[in-house]
Amino acid sequence: AQSVAQPEDQVNVAEGNPLTVKCTYSVSGNPYLFWYVQYPNRGLQFLLKYITGDNLVKGSYGFEAEFNKSQTSFHLKKPSALVSDSALYFCAVRESSGTYKYIFGTGTRLKVLA
Amino acid sequence: NAGVTQTPKFRVLKTGQSMTLLCAQDMNHEYMYWYRQDPGMGLRLIHYSVGEGTTAKGEVPDGYNVSRLKKQNFLLGLESAAPSQTSVYFCASSQGGQPQHFGDGTRLSIL
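On a predicted model such as this, the values are computed, not experimentally measured, just so you know.

Draft legend 1. Representation of the packing of aromatic side chains. Counted by the stated rule, this structure contains 17 aromatic pairs over all chains. Residues A:Phe104 and B:Tyr35 carry aromatic rings whose centres are separated by 5.4 Å and whose planes lie at 85° to one another, so their mutual orientation is edge-to-face. Of the two residues, A:Phe104 is situated in strand β11 (residues 102-104) and B:Tyr35 in strand β4 (residues 31-38); the pairing between them involves two chains. A:Phe104 gets classed as buried once you look at its relative accessible area, which sits at 7%. Its relative accessible area of 0% is what places B:Tyr35 among the buried residues.

Structure, rendered in structure tokens:
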């Protein structure tokens, strides 16, 4: 069965410091991986995706993610955190069955401290 | 450019009442989804649709029904609401394997 794990419920980081939000996955076949961000009382917004190609994927708002096939990880990173990055982050994997269903992690709350 | 619009935004129901949540998208997407979001559990798929006139069950379909009579609309129905269905409901749409676009949610409380 395919699954996504976000091992940290919350990540705290000081403004200006680099941030990492972790995600590991389990899929059969090639993984299609996504990161979304959710601000209070809003829906999820797409940040970036990995389908194939370079292991370092760049996305919106200065975020990037590193795909590591051997560790089955897709960690979200940003070199310098902003207070406005504080939000709930979700990792997702698309099922490889061809039905275009997505499995979401439980989410990680990022808190950037001024 | 509205994207995905959900109505209503808030609703309080009594146990046993019925209601319908409406999702409308203006991007001509083939795929539409209904999720529920509960604390600590992420998003769980209730039902989804791969095109007009088709629907399929997701991970947690019990107690819900859906219909997709028009490509742009995806309705989620609760026939007899239960307190366990108190949640935030999100609709999403996508085209093939592209990223999903989400509405801003419907906050539903069942007393």
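Draft legend 2. Spatial organisation of the environment of A:Val13. Residue and element names in this part refer to chain A. Within the secondary structure, Val13 sits in strand β2 (residues 10-14). Since its relative accessible area comes to 9%, Val13 is described here as buried. C-alpha of Val13 to C-alpha of Leu56: the two residues are 43 residues apart in sequence and 22 Å apart in space. Look past the residues within four positions of Val13 in its chain and what remains in contact with it is Pro18, Leu19, Ala81, Leu110, Lys111, Val112 and Leu113.

Draft legend 3. Expanded view of the interface of chain B and chain A. The interface of chain B with chain A comprises 22 residues on the first partner and 19 residues on the second. With both sides pooled, the region where chain B packs onto chain A buries about 1,700 Å², and carbon together with sulfur makes up 54% of that total. Summed over the shared surface of chain B and chain A, the number is 1 salt bridge. Where chain B touches chain A, the interface holds 7 residue pairs in polar contact (both at pLDDT 80 or more). At the level of elements, β4, β5 (42-51) and β9 (87-94) of chain B are the ones that each hand at least two residues to the side of chain B that touches chain A. Element by element, the count of residues in the side of chain B that touches chain A is highest for β5(B), at 5 residues. Across the side of chain B that touches chain A, the residue classes break down as 11 nonpolar, 9 polar and 2 charged.

Draft legend 4. Representation of the pattern of salt bridges within the structure. Residue and element names in this part refer to chain B. As enumerated under the stated definition, the model contains 6 salt bridges over all chains in all. The partner of Arg44 in a salt bridge is Asp38, and the shortest N-O contact between them spans 2.9 Å. Of the two residues examined, Arg44 and Asp38, each falls in the buried class.

Draft legend 5. Spatial organisation of the pairing of β4(B). Residues and elements named next belong to chain B. Burial of β4 is extensive: 8 of the 8 residues sit out of reach of the surface. A two-sided burial pattern is seen for β4, the buried positions comprising Tyr31, Tyr33, Tyr35 and Gln37 on one face and Met32, Trp34, Arg36 and Asp38 on the other. Pairing geometry for β4 and β9, over 7 bridges, is antiparallel. By the bridge assignment, Trp34 is partnered in β9 with Cys91. Note: β4 against β5, 7 bridges, orientation antiparallel. Along β5, the bridge assignment pairs Trp34 with His47. Linking two consecutive strands that pair antiparallel, namely β4 and β5, is a turn of 3 residues; a positive phi of about 75° is found at Gly40 within it.

Draft legend 6. View of the state of the cysteines. Residues and elements named next belong to chain B. Taken as a whole and assessed by the stated rule, the structure comprises 2 disulfides over all chains. Disulfide pairing places Cys23 opposite Cys91 at an S-S distance of 1.9 Å. When the S-S torsion is -75°, as for the bridge of Cys23 with Cys91, the disulfide is left-handed. One end of the pair, Cys23, is in strand β3 (residues 19-25); the other, Cys91, is in strand β9, and 68 residues separate them in sequence. Each of the two residues, Cys23 as well as Cys91, counts as buried.

Cut-offs used in this document
Residues numbered from 1 in each chain as written. Chains lettered and ligands numbered in written order. Predicted model: local features only at pLDDT ≥ 70, side-chain atom pairs only at ≥ 80, totals over all residues. Heavy atoms only, no water. Phe/Tyr/Trp six-rings, centres within 6.5 Å; stacked < 30°, edge-to-face > 60°. Helix = DSSP H or I, 4+ residues; strand = E, 2+ residues; numbered from the N terminus. Buried < 20%, exposed > 50% of the residue type's maximum accessible area, 1.4 Å probe, protein only. Contact = heavy atoms within 4.5 Å. Buried area = accessible area lost by both parts, 1.4 Å probe. Salt bridge = Lys/Arg side-chain N within 4 Å of Asp/Glu carboxyl O. Polar contact = N/O pair within 3.5 Å; in protein donor to acceptor, adjacent residues only side chain to side chain. Nonpolar A, V, L, I, M, F, W, Y, C, P; charged D, E, K, R; others polar. Pairing = 2+ DSSP bridges. Disulfide = S-S within 2.5 Å.

As far as function goes, none of this settles anything; it's purely spatial.
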